[in-house]
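Structure at a glance
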Number of protein chains: 2
Amino acid sequence: MALYSHDELHTFSQSVFKKIGCSAKDAKIAADTLLSADLRGVDSHGVARLSGYVRLWEKGRINPNPAIKIVHETPSTAVVDGDAGLGLVVAPFAMQIAIEKANIAGTGWVAVKNSNHYGIAGYHAMQALDHDMIGISMTNASPLVSPTFSKERLLGTNPIAVAIPANEEPPYVGDFATTTAANGKLEILQRKGEEAPEGWIQNKEGEVTTNAFGVKEGGALRPLGGDRSNGSHKGYILGSMVDIFSAVLSGANYGPWAPPFVSFMDPVSDPVGEGLGHFMGAMRVDAFRPADEFKDNMDQWIQRFKNSAPIDPEQKVLIPGDPEREMEAIRMKDGIPLLEAVRNDLSALGEKFDIPFQ
Amino acid sequence: MALYSHDELHTFSQSVFKKIGCSAKDAKIAADTLLSADLRGVDSHGVARLSGYVRLWEKGRINPNPAIKIVHETPSTAVVDGDAGLGLVVAPFAMQIAIEKANIAGTGWVAVKNSNHYGIAGYHAMQALDHDMIGISMTNASPLVSPTFSKERLLGTNPIAVAIPANEEPPYVGDFATTTAANGKLEILQRKGEEAPEGWIQNKEGEVTTNAFGVKEGGALRPLGGDRSNGSHKGYILGSMVDIFSAVLSGANYGPWAPPFVSFMDPVSDPVGEGLGHFMGAMRVDAFRPADEFKDNMDQWIQRFKNSAPIDPEQKVLIPGDPEREMEAIRMKDGIPLLEAVRNDLSALGEKFDIPFQ
């Protein structure tokens, strides 16, 4: 696969965001958020989605110059109206508010309405780390997931991310979809022509299927756990908790009313709120304990888990965030690999906006 | 199975707690917490554990008259030192602080150290409901769970509960262990002589086993997801997040250092903190939106999910908390069934403390 430097993809993305009308400042924020996915190896959420955001803008569903504002607040909470802006820009704004609240009140919790897809959850949570805070980020998303026992798609893959600072050790960064597998993993199987493991997908009738195209053919992703006996009701609780915190607390569209990311599907005609929702949190570590004591304990936690006896001597126990950080170091140095389909997509965008891309 | 009224089991438990030295007030709080499990059908966490708490007291590991206190606080946070008290009493104290903080700052977050087993997570989260708040509760626990790729037991079943108020509809109450299956489910299989589904347990070497005694024989429970391809790394993130929030933020013992519930296993000789940890949260709904608007939306959310098309017409889609609430209504009316082993256990306690039980 052809390799592209972070800087060239960042510059290109920034130019595209400017062309759709974003301010220079917002275009940079959006490109930072987007590229963090490519660097961390979450290829489904990086520049591969750039043309998707552009198509949403073409449909009038993204406001490139939003007046993002706080519409309600208390010492430790706020609700942010994203004014239909890019989630890539709205979410960093909201996380900044959460951090400011935490500075004063110990913690800050911001529910966001009237937003759009916000990139990878982990990036937003990680903004808290430099402030010696724990960061939390979640979002609702296009309905593709059926609750346990249902054959309807009522929830998104609704990710949760949590970033926790340590001292000598790199931070702990968990970031996961509340389904057995994220949609991006299915796309990989589809491209390879492989089957999906049992527990990932159900077909239109709600029966387990290994057909990697099952969701496209009217089926649904299953909540983490896969089936009732393996705890899918727990994944359903997690996904619905994310939906309620992100969208009911904020006044966004929840459950099956959540607007689809793909531009060829129109949002529902009977919305129950405004746009998509997120929920961001920041907790100052020293609102609980002296930061150094906490971070020393996190070092010990991380070392104990990392060095625990592995089942297979070749596969060490992982600390959440380590694989992504290693990927980031490699891709910063060697470049970011892009599939031909993605390169073609970016070339077409380049032609449309008269920005060179090769 | 013999049926016992809630009131007689509550009175009996209260008497036992008084006999080990609890004040009348604390004995009532402990019995309230304990019996909530029996009522809600979580039989493993109710009076079946009463003798376990007594044995911990006999070992000097439970202080029946703790001076529970706040040792650090900010407008939205506190750390509570449970002074080695019953978690059944310490956790309600901490949740009350969270609610008071939320009244003033919008949200309240309380990390607890130096505590013991706190009963069912859901009971504590539900204390927020009457205040039009969302309640959150989690705790670390005896190490019985291996992270993905590890053959060591480093985490507890570390449950998460979230309680969310609605208007006409009963509240949403999610309460789940972050493992594929809770330990109580294994005990049921053991009694019936049945095998466990694949994904619940690994043996001492870390291999998947269906032997329901696998954990007792040196194996471990697996995180929600069961194996890597079905997302066990996500269950590992959830379990470790609970561990870090409950025990690293508070200064309790984390990971494999968490004190075991069973009295025949001594706590580690090299503790990294004090006792067991919990983490409780309360978020005032109207710190985000007018409470009635939020609760009306929750009604709509619940109705939409409950009435979604089921896979099997005989099995409707469930709302988290509904089965437990229905069970509570039945058991309040008809009584609480106790297994012979539990009855014998309570009889022995009755004899020890000279309190009649039959």
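The structure under discussion appears in the preceding block.
Our subject in this report is the structure included herewith. Fair warning: this is a prediction, and the values are worked out from it, not measured in the lab. (Residues numbered from 1 in each chain as written. Chains lettered and ligands numbered in written order. Predicted model: local features only at pLDDT ≥ 70, side-chain atom pairs only at ≥ 80, totals over all residues. Heavy atoms only, no water.)

**Points about the overall build of chain A**
- Within chain A, the regular secondary structure consists of 10 helices and 12 strands.
- Since a compact globule built from 358 residues should have a radius of gyration of about 21 Å, the 20 Å found for chain A is in line with a globular shape.
- Summarising its shape, the C-alpha atoms of chain A cover approximately 50 × 50 × 45 Å along the three principal directions.
- Residue burial in chain A is summarised as follows: out of 358 residues, 61% are buried. (Helix = DSSP H or I, 4+ residues; strand = E, 2+ residues; numbered from the N terminus. Rg over C-alpha atoms; globule rule 2.2 N^0.38 Å. Buried < 20%, exposed > 50% of the residue type's maximum accessible area, 1.4 Å probe, protein only.)

**What about the relation of the copies chain A and chain B?**
- With an RMSD of 0.0 Å, the operation that places chain A on chain B is a rotation of 180 degrees combined with a shift of 0.0 Å along the axis. Viewed as a symmetry operation, the transformation between the two copies matches a two-fold axis. When C-alpha positions in chain A are compared against the rotation axis, the closest is assigned to Gly225(A), at 2.4 Å.
- Both copies present the same face, since 100% of the interface residues in chain A are matched by interface residues at the equivalent positions in chain B. (Least-squares fit on C-alpha atoms with pLDDT ≥ 70 in both. Contact = heavy atoms within 4.5 Å.)

**Structural notes on the interface of chain A and chain B**
- At the interface, 93 residues of chain A touch 93 residues of chain B.
- Interface of chain A and chain B: buried area, both sides summed, is about 7200 Å²; carbon and sulfur atoms make up 67% of it.
- On the chain A side of the interface with chain B, the three residues burying the most area are Phe149(A), Phe288(A) and Ile311(A), jointly 11% of the side's total.
- In this structure, the connection of chain A to chain B is made through 2 salt bridges.
- Arg304(B) is the salt-bridge partner of Glu152(A), the closest N and O atoms lying 2.8 Å from each other.
- Counting every contact that joins chain A to chain B gives 43 residue pairs in polar contact (both at pLDDT 80 or more).
- Take the side of chain A that touches chain B: its biggest share by element is 11 residues, from helix H7 (residues 232-248) of chain A.
- Taken together, the residues of the side of chain A that touches chain B break down into 51 nonpolar, 27 polar and 15 charged. (Buried area = accessible area lost by both parts, 1.4 Å probe. Salt bridge = Lys/Arg side-chain N within 4 Å of Asp/Glu carboxyl O. Polar contact = N/O pair within 3.5 Å; in protein donor to acceptor, adjacent residues only side chain to side chain. Nonpolar A, V, L, I, M, F, W, Y, C, P; charged D, E, K, R; others polar.)

**With respect to the nonpolar core**
- Membership of the largest hydrophobic core comes to 106 residues, with the highest contact counts inside it found for Ile134(A), Phe245(A), Trp301(A), Ile134(B), Phe245(B) and Trp301(B).
- Apart from the residues lying within four places of it in its own chain, the contact partners of Phe245(B) are Ile134(A), Ile136(A), Val162(A), Ile164(A), Met283(A), Ala111(B), Met138(B), Ser250(B), His278(B) and Phe279(B). (Core = buried A, V, L, I, M, F, W, Y, C linked by side-chain atoms within 4.5 Å.)

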